[in-house]
Structure formats: C-alpha cells, structure tokens
Amino acid sequence: METPSSSIITSLRSFRIPIPFSGGIDVAAFDIIASIIAMALIAGWLGFPRYVGALAAIPIGIAAHFIFNIDTPLTRLIKQKI
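Predicted model, so just to flag it, every value in this text is computed and none were measured.

Peer 1: I'd love a proper account of the overall build of the protein chain, names of residues and values included.
Peer 2: Secondary structure assignment for the protein chain yields four helices and two strands. If you list the helices and strands of the protein chain from N to C, you get α-β-β-α-α-α. The C-alpha extent of the protein chain, read off along each of the three principal axes, is 40 × 40 × 25 Å. Expressed as a percentage of the 82 residues in the protein chain, the buried residues total 15%. Pairs at least 24 residues apart make up 14% of the contacts formed inside the protein chain by residues separated by at least 6 positions. On the protein chain, roughly 6200 Å² of surface is accessible, and the fraction owed to carbon and sulfur atoms is 72%. In the protein chain, 6 side chains carry a positive charge and 4 a negative one; their mean positions are 8 Å apart.

Peer 1: Outline unusual backbone geometry, supporting the account with residue identities and numerical values.
Peer 2: At Phe21, a residue that is not glycine, the phi angle is positive and equals roughly 60°. Within the secondary structure, Phe21 sits in the loop between strand 1 (16–18) and strand 2 (26–28). With relative accessibility at 83%, the residue Phe21 sits in the exposed group. One non-glycine residue, Asn69, lies in the positive phi region at around 55°.

Peer 1: Which residues make up the packing of helix 2 (residues 29–46) against helix 3 (residues 50–67), and what values do they have?
Peer 2: Orientation of helix 2 relative to helix 3, taken along the N-to-C sense of each, is 130°, at an axis distance of 7 Å. The orientation of helix 2 with respect to helix 3, classified from their angle, is oblique. In the crossing of helix 2 with helix 3, the sense of the turn from one axis to the other is right-handed. Residues Ile32, Ser35, Ile36, Met39, Ala40, Leu41, Ala43 and Gly44 of helix 2 touch helix 3, and the partners they reach there are Arg50, Gly53, Ala54, Ala57, Ile58 and Ile60.

Peer 1: If you had to explain the layout of surface pockets to someone new, which residues and values would you point to?
Peer 2: The gaps left among the atoms become clear once a water-sized probe is rolled over them. Volume-wise, the largest pocket comes out at about 600 Å³. Surrounding the largest pocket, 25 residues form its lining, Val27, Asp31, Ile32, His65 and Leu74 being those nearest its centre. Breaking the lining of the largest pocket down by element, the ones donating at least two residues are strand 1, strand 2, helix 2, helix 3 and helix 4 (73–81). For the lining of the largest pocket, the element with the most residues is helix 3, which contributes seven residues. Class assignment for the residues of the lining of the largest pocket results in 16 nonpolar, five polar and four charged.

Conventions we followed
Here the residue numbers are simple positions, counted from 1 along each chain's written sequence. Totals for whole chains, interfaces and linings use every residue, but because this is a predicted model, local features are given only for residues with pLDDT of at least 70 and side-chain atom pairs only at 80 or more, for both listing and counting. Based on all heavy atoms of the structure, the side-chain values leave hydrogens and waters out of the count. Think of it this way: any DSSP run of H or I at least four residues long counts as a helix, any run of E at least two long counts as a strand, and we number them from the N terminus. The buried label goes to any residue with under 20% of its type's maximum accessible area, the exposed label to any with over 50%, and the partly exposed label to all in between, with areas taken from a 1.4 Å probe on protein chains only. Residues are treated as being in contact if the distance between any of their heavy atoms lies within 4.5 Å. The accessible surface values rely on the Shrake-Rupley method and a 1.4 Å probe; as for residues, cover is taken only from the protein chains in view. When charges are counted, Lys and Arg contribute as positive and Asp and Glu as negative, whereas His and the chain ends are disregarded. Charged side chains are reduced to one point each, which is NZ for Lys, CZ for Arg, CG for Asp and CD for Glu. In this analysis an axis means a line fitted to C-alpha atoms, helices contributing only their contacting stretch, and an angle means the value between N-to-C directions, from 0 to 180 degrees. In what follows, roughly perpendicular refers to angles from 65 to 115 degrees, roughly parallel to angles under 35, roughly antiparallel to angles over 145, and oblique to any angle outside these ranges. By convention the crossing between two helices is left-handed if the near helix lies anticlockwise of the far one by an angle smaller than a right angle, and right-handed if it lies clockwise. Grid spacing is 1 Å over the protein atoms alone, the probe is 1.4 Å, and a cavity is where that probe fits but cannot get out, while a pocket is an open set with protein on both sides within 12 Å along at least five of seven lines and lining residues have an atom within 4 Å of a point. Grid points are joined across faces, edges and corners, and a volume is the space filled by probe spheres set on the points. Asp, Glu, Lys and Arg are counted as charged, while Ala, Val, Leu, Ile, Met, Phe, Trp, Tyr, Cys and Pro are counted as nonpolar; the rest, among them Gly, fall into the polar class.

Written out as structure tokens, the structure is:
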C-alpha cells in the first residue's frame, strides 16, 4: 500500500526529461533537480562555490551508480558507449 509521501514522490518522478541521442532513454526531472540542489548545498557546506557542486552533480551521480553497481537504463547506455 502506498503512503501519501510515496505517492507524492511517484507523482514528482513522473515528469521525464529525454536524453538526446540515447535511443529513447529518459530520466526523472525530479531526480536531476534534487541531485543538483543537494550537490550545491553540500559544496557550499564544504566551502566550494555552489555552482561547482551543481555542475559536478551529474558526473558524481554517474560515478556513484558505477561504484555501487546501480543498474539503470542510463548506466547501461554509458557502459555500452565506453
């Protein structure tokens, strides 16, 4: 049974951003936005400019997916390309 908070997250994750040249892969806009905001806050807390954290969110996120072996359509696409 879904709790109210899980249905809100599911609803937020329903908005998708297509990745160009990926063959139809898309990512949840909520995930990307939340990652960028979180990394900007962490960078500011560590004394770095927040824009550095925001710019590093995607590469660090992809690296974390590889390190922890999280299988997603995007990580499969990247593994095929490298």
